[in-house]
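Working through the structure, step by step
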Amino acid sequence: YSCYDNEAYMNTGIQRSGSTPPKAWTTTTPGGNPGFKKDMIGIMFAHRIPYIATLNPAFPHDIINKIKKAKSIQGFKYLHALSPCPPGWRFDSSLTIKVARMAVLTGIWILYEIENGVLRLTGPSKNLLDKKKRLPVREYLKLQGRFAHLSEKDIIEIQEMVDESWMKIADMLESNKR
């Protein structure tokens, strides 16, 4: 199964969905989404899916490798692809790959795969466990109009959420070693 994640209901007017990030503008949350993005990877992991992977259009070699691997594995597979949406995210379409790349380089979108319960970072994410190597989330947020309303406090909160996600990833990687 491939999930094409543009982080809102884009085809019907940019309404908030379970995939909308915290504080992101949509037509139904003009002050920003007060909730959290549903953790689809966590849900799939809880169901012991044999192969789960995240994809990002800025890293085509990573996509190709993961699709090849998914095809070689027996059973259900889940691929979760970030899909930047210029009108919904409020950025010029010429910036699509830059926005997608910045999602990874800031740590907001982590490239990884989980095969038979074992997590492995892929692409540039392999080098981003160290917080100092990730770009500040501000660099990603400022490219998009859907985050133009954010206060400094909001940006700090999003940064803290991203850093916390990475701590969980580090814990999972450590448990793989045991």
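Fair warning: this is a prediction, and the values are worked out from it, not measured in the lab. (Residues numbered from 1 in each chain as written. Predicted model: local features only at pLDDT ≥ 70, side-chain atom pairs only at ≥ 80, totals over all residues. Heavy atoms only, no water.)

1. What about the nonpolar core?
As a reminder of what qualifies: Buried residues of nine kinds, namely Ala, Val, Leu, Ile, Met, Phe, Trp, Tyr and Cys, make up a nonpolar core once their side-chain atoms join them within 4.5 Å. Relative accessibility decides the category of a residue: with a 1.4 Å probe and only protein chains considered, values under 20% of the type maximum give buried, values over 50% give exposed, and everything between is partly exposed. Only DSSP runs of H or I covering at least 4 residues are called helices, and only runs of E covering at least 2 are called strands; the numbering of each starts at the N terminus. Note on definitions: a residue-residue contact is assigned when non-hydrogen atoms from the two residues lie within 4.5 Å.
Trp89, Tyr112, Tyr140, Leu141 and Ile169 are the most contacted members of the largest nonpolar core, which totals 42 residues. It is helix H6 (residues 152-177) that provides the largest number of residues to this core, a total of 6 residues. Those residues within four positions of Tyr112 in sequence are excluded, and the remaining contacts are Ile41, Ile52, Ala53, Thr54, Lys66, Leu119, Arg120, Leu121, Thr122 and Ile169.

2. Comments concerning the side chain of Glu7
As a reminder of what qualifies: The definition of a polar contact used here is a pair of N or O atoms within 3.5 Å, where within protein one atom must be able to donate a hydrogen and the other to accept one, and adjacent residues in sequence count solely through side-chain atom pairs.
Tracing the backbone through its elements, the reader meets Glu7 in the loop between strand S1 (2-5) and helix H1 (40-46). A polar contact is formed between the side chain of Glu7 and the side chain of Arg146, at a distance of 2.7 Å. Setting aside residues up to four positions removed in sequence, Glu7 forms contacts with Ser17, Ser19, Thr20, Pro21, Lys37, Leu82, Trp89, Tyr140 and Arg146.

3. Focus: the pattern of salt bridges
Our working rule: The salt bridge definition used is simple: a Lys or Arg side-chain nitrogen within 4 Å of an Asp or Glu carboxyl oxygen.
For the structure shown, the criterion picks out 16 salt bridges. Ionic pairing is found between Arg134 and Asp163, a salt bridge with its closest N-O pair at 3.0 Å. Here the residue Arg134 occupies a position in the loop between strand S5 (118-121) and helix H5 (137-141), and Asp163 occupies one in helix H6, the gap between them amounting to 29 residues. For the residue pair Arg134 and Asp163, the accessibility class agrees, reading buried in each case. The shortest N-O distance in the salt bridge between Lys168 and Glu164 comes to 3.6 Å. Remark: Glu164 and Lys168 occur in helix H6; sequence separation between them is 4 residues, near one turn of the helix. If you follow the salt bridges from partner to partner, you end up with Asp5, Glu7, Lys37 and Arg146 in one network.

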